[in-house]
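# Geometric and topological summary
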Amino acid sequence: NVGLNLVFINTLQLGFMGAAYATLISMALYNLIKLILIKWKFNMHPFEAAHAKIAGLLLLSTFLIFWMPSVGNGFADLCLRVGLSLLINAGIILKLKWVPELNAFIQKQKRF
């Protein structure tokens, strides 16, 4: 990360965005290496098909909410976008039962 920061901030003159890019790249590489190591050493894959569905849903909802028109007030806009994102994502994930542990937890809470 330090090396990438030097390249992006000093060499490419990107400033704060350079630091953000450097951190993004270093974290992505770290997690990719960790994924490969788990697969190689333990012959396990830590993700299931539901994870890809959830990632796709999050990307799609983020894209749609990003292009939603602004209401004018920054705080109201933030609350509206976050609330809408939470409702859409949680609603679909719960309705389609993509996370069985979450559905079991909610059913357990309903009993009380």
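Scoring rules and cut-offs
Residues numbered from 1 in each chain as written. Predicted model: local features only at pLDDT ≥ 70, side-chain atom pairs only at ≥ 80, totals over all residues. Heavy atoms only, no water. Helix = DSSP H or I, 4+ residues; strand = E, 2+ residues; numbered from the N terminus. Rg over C-alpha atoms; globule rule 2.2 N^0.38 Å. Contact = heavy atoms within 4.5 Å. Areas by Shrake-Rupley, 256 points an atom, 1.4 Å probe, with all protein chains shown as cover. pLDDT = per-residue confidence, 0-100. Axes fitted to C-alpha atoms, helices over the stretch in contact; angles between N-to-C directions. Parallel < 35°, antiparallel > 145°, perpendicular 65-115°, else oblique. Left-handed = near helix turned anticlockwise from the far one by under 90°. Nonpolar A, V, L, I, M, F, W, Y, C, P; charged D, E, K, R; others polar. Phe/Tyr/Trp six-rings, centres within 6.5 Å; stacked < 30°, edge-to-face > 60°. Buried < 20%, exposed > 50% of the residue type's maximum accessible area, 1.4 Å probe, protein only. Expected span 1.5 Å × (residues − 1).

A tally of helices and strands in the protein yields five helices and zero strands. When the helices and strands of the protein are read in sequence order from the N terminus, they spell out α-α-α-α-α. Whereas a compact globule of 112 residues would reach a radius of gyration of roughly 13 Å, the protein reaches 20 Å, over 25% beyond that. Reported as C-alpha extents along the three principal axes, the dimensions of the protein are approximately 60 × 50 × 25 Å. Summarising the internal contacts of the protein: among those between residues at least 6 apart in sequence, 23% fall at separations of at least 24. As presented, the protein carries roughly 9100 Å² of accessible surface, and 74% of it is formed by carbon and sulfur atoms.

Across the protein, the average pLDDT comes to 90, with 100% of residues at or above 70. Taken element by element, the protein is modelled with least confidence in helix 5 (residues 100-111), mean pLDDT 87, and with most confidence in helix 2 (residues 15-42), mean pLDDT 93.

Before going further, it helps to spend a moment on the packing of helix 1 (residues 2-11) against helix 2. Their axes nearest at 8 Å, the elements helix 1 and helix 2 cross at an angle of 150°. With respect to helix 2, the axis of helix 1 lies roughly antiparallel. The way helix 1 lies across helix 2 gives a crossing that is right-handed. Across the interface between the two elements, Leu4, Asn5, Phe8 and Ile9 of helix 1 pack against Gly15, Gly18, Ala19, Tyr21, Ala22, Ile25 and Ser26 of helix 2. Classifying every residue of the contact of helix 1 with helix 2 by side-chain character gives seven nonpolar, four polar and no charged.

Turning next to the packing of aromatic side chains. The geometry of an aromatic ring pair is captured by the separation of the ring centres together with the interplanar angle, meaning the angle of the planes. As enumerated under the stated definition, the model contains three aromatic pairs in all. An angle of 65° between the planes, with centres 6.2 Å apart, marks the rings of Phe63 and Trp67 as edge-to-face. Consider the rings of Phe66 and Trp67, whose centres lie 5.2 Å apart with planes at 85°: the pair is edge-to-face. By relative accessible area, which is 57% here, Phe66 ends up exposed. Connected via pairs of aromatic rings, a cluster forms that spans Phe63, Phe66 and Trp67.

Between its first and last C-alpha, helix 2 extends 40 Å over 28 residues, near the 40 Å set by a 1.5 Å rise per residue. Among the residues of helix 2, Gly18, Ala22 and Ser26 are the ones counted as buried. Looking at the buried positions of helix 2, the neighbouring elements they touch are helix 1. Following helix 2 by one or two positions, Asn43 has its phi on the positive side, about 55°.

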